[in-house]
Amino acid sequence: MANLTALRDHNTAAVLGRIRAADEISRVELALATGLTAQAISKIVQRLAAEGLIAPSGRVPSAGGKPRTLLRLVPQARWVVGAQLDRHGSTLVLVDLAGRIADATITRFDPSKATPQQTLELLAAQVEALIAKLPRELVLGVGVACPGPLDQHTGVLHQVTGLPGWDGIPLRAELAARLGLPVFLDKDTTAGVLSRPGAADRAFVYLGDGLGAGLVLGGRVQRGARTNAGEFGHQVLDLRGPRCACGNNGCLEALCRAALAEEDPARAAELLGEGVANLVRLLDLAQVVLGGDAVLADPELFRGRVSGVVRERLPDPGWQQVDITVTDAGEHVVALGAAGLVLGTLFGESDADGPDAVGLGA
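Residues numbered from 1 in each chain as written. Predicted model: local features only at pLDDT ≥ 70, side-chain atom pairs only at ≥ 80, totals over all residues. Heavy atoms only, no water.

### A word on the packing of aromatic side chains
Here is the rule we go by: Think of it this way: a Phe, Tyr or Trp ring, Trp meaning its six-membered ring, pairs with another when their centres are within 6.5 Å, and the plane angle makes it stacked under 30 degrees, edge-to-face over 60, tilted otherwise. Accessibility here uses a 1.4 Å probe with only protein chains present; expressed as a share of the type maximum, an area under 20% marks a residue as buried, one over 50% as exposed, and anything in between as partly exposed. Note on geometry: a ring has a charge over it if NZ (lysine) or CZ (arginine) is within 6 Å of the ring centre and within 35 degrees of the ring normal.
As enumerated under the stated definition, the model contains one aromatic pair in all. Ring geometry for Phe204 against Tyr206: centres 6.1 Å apart, planes inclined by 40°, an arrangement best described as tilted. No difference in accessibility class separates Phe204 from Tyr206, as the two residues are buried. Lying across the ring of Phe347, Arg20 places its NZ or CZ 5.0 Å from the centre.

What follows is the structure in structure tokens.
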């Protein structure tokens, strides 16, 4: 049996999540949606209102009774920071409870030319600058997304491609100690797939300084046995291909990077399409969202070429239709998803999907 504190927290998160998803909702509707008693709803609503998280937003007529009070989320009652750390620097966003970006900063630097400790000090300073004008108690925490491999359970990095000095670094604990705030860690591609709501079976494919994929299957985020799922870029397509930073030859990531280095984005898009087609056929995906610096440099080229290759490779593209788009969150997509790691704990939806999921942004 779950302990009462955990159960109460779960119920509170469920109620808050419903209020957020509905924009406006009454206590009666909350009871119907959550299965909680009217008394339980009343207590939870009272507590959330006292904490400033929700507020009344008007009244509506009720059949045979007094008008019902509608409740709404107060977006600026709390704040979270989302951070992307990659091989070219960092992107940070300050996000309210509605998932809207209030402030953002992008800093270009090379983490491989600094020690992990120096990079963590810089990242902590960037977070502090972003929240400097806010009361500390209104900041829920910091979500960090970075390349893998990493262990999300322990918050430890493992042999990050291109950053050998980061192997074994307990990033989550180190950053939390510097900030005195809760810190959540996940792979950049997993954060990307969480940055927007979408189909129950979908992938976020990220081509930037690396190539990976975040996966949602059956409405659940897929992290794998060691929380390291999504190493999409290291599928070998050419045994005689160029050497990849991971040590193998002919990885999709190495092939795409070689094409981009030769200033041939069309070739990179064709190769990416082959990898996406493999992924679609393997997992029967309904939606693929593309992101990353390389894609955003020419979004229509990548969307068109990847879509074309996928249609060619599917045996019945009329039946197996796949929605292939480019992210509308631009260069903030991964950092926005990292913020969602924190918000998910508040709304009880950190790994959920569908209409009530934490889908950040509009």
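### Considerations on the pairing of strand β4 (residues 79–86)
Along any regular strand, the residues point their side chains to alternate faces of the sheet. Condition: Going along the chain from the N terminus, every DSSP run of H or I of four or more residues is numbered as a helix, and every run of E of two or more is numbered as a strand. Only strands that DSSP links by at least two bridges are regarded as paired with each other.
Taking burial as the measure, the eight residues of β4 include eight buried ones, the bulk of the element. The alternating pattern of β4 places Trp79, Val81, Ala83 and Leu85 and Val80, Gly82, Gln84 and Asp86 on opposite faces, both of which are buried. Pairing analysis gives eight bridges linking β4 to strand β5 (residues 89–96), with the strands arranged antiparallel. Bridging from a neighbouring strand, Asp86 pairs with Gly89 of β5.

### Describing the confidence of the model for the protein
When pLDDT is low, close inspection of the predicted coordinates is not appropriate. Under the convention used in this document: Confidence of the prediction at every residue is given by pLDDT, a number between 0 and 100. For this analysis, residues touch if any pair of their heavy atoms sits within 4.5 Å.
Scored by pLDDT, the protein has a mean of 89; 93% of the residues are at 70 or more. Between the elements of the protein, mean pLDDT differs from a low of 78, seen in helix α1 (residues 4–22), to a high of 97, seen in strand β14 (residues 287–291). In this model, residues 1–7 is a region of pLDDT below 50 whose contacts with residues beyond four sequence positions or in other chains number zero contacts. This model gives residues 352–359 a pLDDT under 50, and the stretch forms 25 contacts once residues within four places in sequence are excluded.

### Things to note about the pairing of strand β11 (residues 202–207)
Across the six residues of β11, six count as buried, placing the element largely inside the fold. Burial along β11 is two-sided: Arg202, Phe204 and Tyr206 facing one way and Ala203, Val205 and Leu207 facing the other are all buried. Taken together, the six bridges between β11 and strand β12 (residues 211–217) define a ladder with antiparallel strand orientation. Within β12, the residue paired with Arg202 across the bridge is Val216. Hairpin connection from β11 to β12: three residues lie between these consecutive antiparallel strands.

### Concerning helix α3 (residues 38–50)
Going by this rule: Expected span of a helix: the number of residues minus one, times 1.5 Å. Note: the arc covers the axis-to-C-beta directions of the helix.
Given a rise of 1.5 Å per residue, 13 residues ought to cover 18 Å, and the 18 Å separating the end C-alpha atoms of α3 matches this to within 8%. Within α3, burial applies to Ile41, Ile44, Val45 and Leu48. Seen end-on, α3 carries its buried residues on one side only, within an arc spanning 100°. Turned more than 90 degrees from where α3 packs its buried face, Gln39, Lys43, Gln46 and Ala50 sit exposed. Just beyond α3, the residue with positive phi is Gly52, at close to 80°.

### Quick word on the packing of helix α7 (residues 252–261) against helix α8 (residues 265–283)
Cut-off, in case you're wondering: Axes here refer to lines fitted to C-alpha atoms; in helices the fit is confined to the stretch in contact. Angles between the N-to-C directions go from 0 to 180 degrees. Roughly parallel covers angles under 35 degrees, roughly antiparallel covers those over 145, roughly perpendicular covers 65 to 115, and oblique covers all other angles. In this scheme the crossing of two helices becomes right-handed for a clockwise turn of the near helix relative to the far one and left-handed for an anticlockwise turn of less than a right angle.
Contact geometry for α7 and α8: axes closest at 7 Å, N-to-C directions at 165°. Classified by the angle between their axes, α7 and α8 sit roughly antiparallel to one another. Considering the relative orientation of α7 and α8, their crossing is left-handed. Residues Leu252, Leu255, Cys256, Ala259 and Leu260 of α7 lie in contact with α8, whose contacting residues are Pro265, Arg267, Ala268, Leu271, Leu272 and Gly275.

### Quick look at the sheet that holds strand β10 (residues 183–187)
Whether parallel or antiparallel, the strands of a sheet pair through hydrogen bonds between backbone atoms. Read across the open sheet, the five strands follow the order β6-β5-β4-β7-β10; overall the sheet is mixed. Taken across any chain shown, the strands that pair with only one partner, and hence form the sheet edges, are β6 (101–108) and β10. Put simply, the sheet's adjacent strands are angled 15° from each other on average, direction ignored. Two elements, strand β7 (residues 139–146) and β10, share five bridges in a ladder whose sense is parallel. By the bridge assignment, Ala145 is partnered in β10 with Asp186. The sheet contacts of helix α11 (residues 333–347) involve β4, β5, β6, β7 and β10, and relative to β4 the element is tilted by about 140°.

### Overview of the pattern of salt bridges
Where charged atoms of side chains with opposite charge meet at close range, the side chains can pair. Rules: In what follows, salt bridge is the name for a side-chain nitrogen of Lys or Arg lying within 4 Å of a carboxyl oxygen of Asp or Glu.
This structure, assessed with the given rule, holds twelve salt bridges. Residue Asp96 is joined to Arg100 by a salt bridge in which the shortest nitrogen-to-oxygen separation is 3.3 Å. Given a relative accessible area of 3%, Asp96 falls into the buried group. Look at Arg100 and you get partly exposed, because its relative accessible area is 47%. With a closest N to O distance of 2.6 Å, Glu274 and Arg313 form a salt bridge. With Glu274 in helix α8 and Arg313 in helix α10 (residues 299–313), the pair connects residues that are 39 residues apart, well separated along the chain. The network of salt bridges with shared partners includes Glu121, Glu174 and Arg178.

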